Amino acid sequence: MDILLWHEILEPYELAVKELQVKFRHLIKEHHGKGMYSPIESVSGRVKSVSSILEKMQRKGIVPEEMEEQVEDIAGIRIICQFVEDIEKVADLIQKRSDIEIKSEKDYIRHMKDSGYRSYHLIVYYTVETMNGPKRIQVEIQIRTMAMDFWATIEHSLQYKYKANIPDHIRERLSAAAKAIIVLDNEMSSVRSEIMDAQNSSQMQRNLITDI
Ligand code: 0O2
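Under the annotation held in an unreviewed UniProt entry, the chain carries the name GTP pyrophosphokinase family protein and is attributed to Fusicatenibacter saccharivorans.

Engineer: It is not clear to me how the nonpolar core should be interpreted in this structure. Could you clarify?
Structural biologist: The nonpolar side chains of a soluble globular protein tend to be buried with one another. Core analysis: the biggest nonpolar cluster contains 25 residues, and Ile79, Val139 and Ile141 have the highest contact counts within it. Of all the elements in the fold, those that place two or more residues in this core are helix 1 (3-33), strand 2 (75-81), helix 4 (84-96), strand 4 (120-130) and strand 5 (133-145). Excluding residues within four positions of it along the chain, Ile79 makes contact with Phe24, Ile40, Val43, Val90, Ile141 and Ile143. Counting five residues, the second largest nonpolar core, distinct from the first, contains Ala147, Met148, Trp151 and Ile181.

Engineer: Which parts of the structure should I look at to understand the site of the ligand?
Structural biologist: Neighbouring residues of the ligand: 13 residues in total, closest Ser115, Tyr117, Ala152, Glu155 and His156. Contributing elements (two or more residues each) for the shell around the ligand: helix 2 (50-60) and helix 5 (146-161). Counting residues per element, the shell around the ligand draws most heavily on helix 5, at three residues.

Engineer: How do you make sense of the pairing of strand 4 when you look at a structure like this?
Structural biologist: Working note: regular strand, side chains alternate between the two faces of the sheet. Where strand 3 (residues 100-107) and strand 4 come together, seven bridges link them in antiparallel fashion. Residue pairing for strand 4: Lys106 is matched across the bridge by His121. Pairing analysis gives eleven bridges linking strand 4 to strand 5, with the strands arranged antiparallel. Each residue of the ladder has a partner; that of Val124, found in strand 5, is Val139.

Engineer: Help me understand the UniProt feature "domain: RelA/SpoT" (unreviewed entry) in the chain, please; the structure alone is not making it clear to me.
Structural biologist: Per the UniProt record, "domain: RelA/SpoT" (unreviewed entry) is found at residues 45-166. Structurally, residues 45-166 is divided into 36% helix and 34% strand, and its ends, taken at the C-alpha atoms, are 26 Å apart.

Engineer: Any chance you could explain the confidence of the model for the chain here in plain terms?
Structural biologist: As a note on interpretation, predicted positions should not be read in detail where pLDDT is low. Considering every residue of the chain, the mean pLDDT works out to 93; 94% of them sit at 70 or more. Here the prediction assigns the complex a pTM of 0.91, and the interface score ipTM is 0.92.

Conventions we followed
- Residues numbered from 1 in each chain as written.
- Predicted model: local features only at pLDDT ≥ 70, side-chain atom pairs only at ≥ 80, totals over all residues.
- Core = buried A, V, L, I, M, F, W, Y, C linked by C-beta atoms within 7 Å.
- Buried ≥ 20, exposed ≤ 12 C-beta atoms within 10 Å, placed from the backbone.
- Helix = DSSP H or I, 4+ residues; strand = E, 2+ residues; numbered from the N terminus.
- Contact = placed C-beta atoms within 7 Å.
- Near = placed C-beta within 6 Å.
- Pairing = 2+ DSSP bridges.
- UniProt positions renumbered as here; feature names shortened; annotations may be inferred.
- pLDDT = per-residue confidence, 0-100.

Take a look at the structure:
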């Protein structure tokens, strides 16, 4: 496929990533505007690189005609939460939306991957408007805590550095770190109400200042 064709294929995915980031960030703003705690801390997104799409197609034996159906994470949104409990709330918020339809879910929080990776994944359908009319595409939404994200970011860099062949002694330390993340998330959850009270009152104060 030449570069122009790739650009044409990926354009709706870029639009979907931009639109969804705006919509999720707006949800944060709505919560804060009402002086409420937001289960979403931050949002980021990306469109998979052409080389990464090709690598996945080769690894999974996906033919070009089936690329858009089979490569489910061409568009990716990552939602970061403060607490583990927030993940379910965010998944519920997404499920209730009329502009998003859930196709499938993977719970790598209850079922941690062998690597130690933890995150909640949703594959969803989302429709963007293009000059040729509406286009329904798939988006992968990853929901995880700040602590889980810290672990995944470091592990992803190591995978890149070692070209997926991370030495055993580093794997073991990553696995131990993943267990420490579970303890950390649980500890933060146990002081959750204290933290939320403090954040809500400082948010209320910020709202008052902007209202003046
Ligand atoms: P990117 O774009 O660099 O994030 P796959 O794992 O891709 O063969 P599947 O079933 O499509 O198969 O995907 P899965 O496992 O549900 O989720 C894929 C994405 O989850 C990955 O995207 C990562 O973002 C994340 N992920 C899954 N497992 C791990 C892991 O062990 N460590 C880290 N750090 N992230 C993980 P990509 O494709 O790697 O690309």
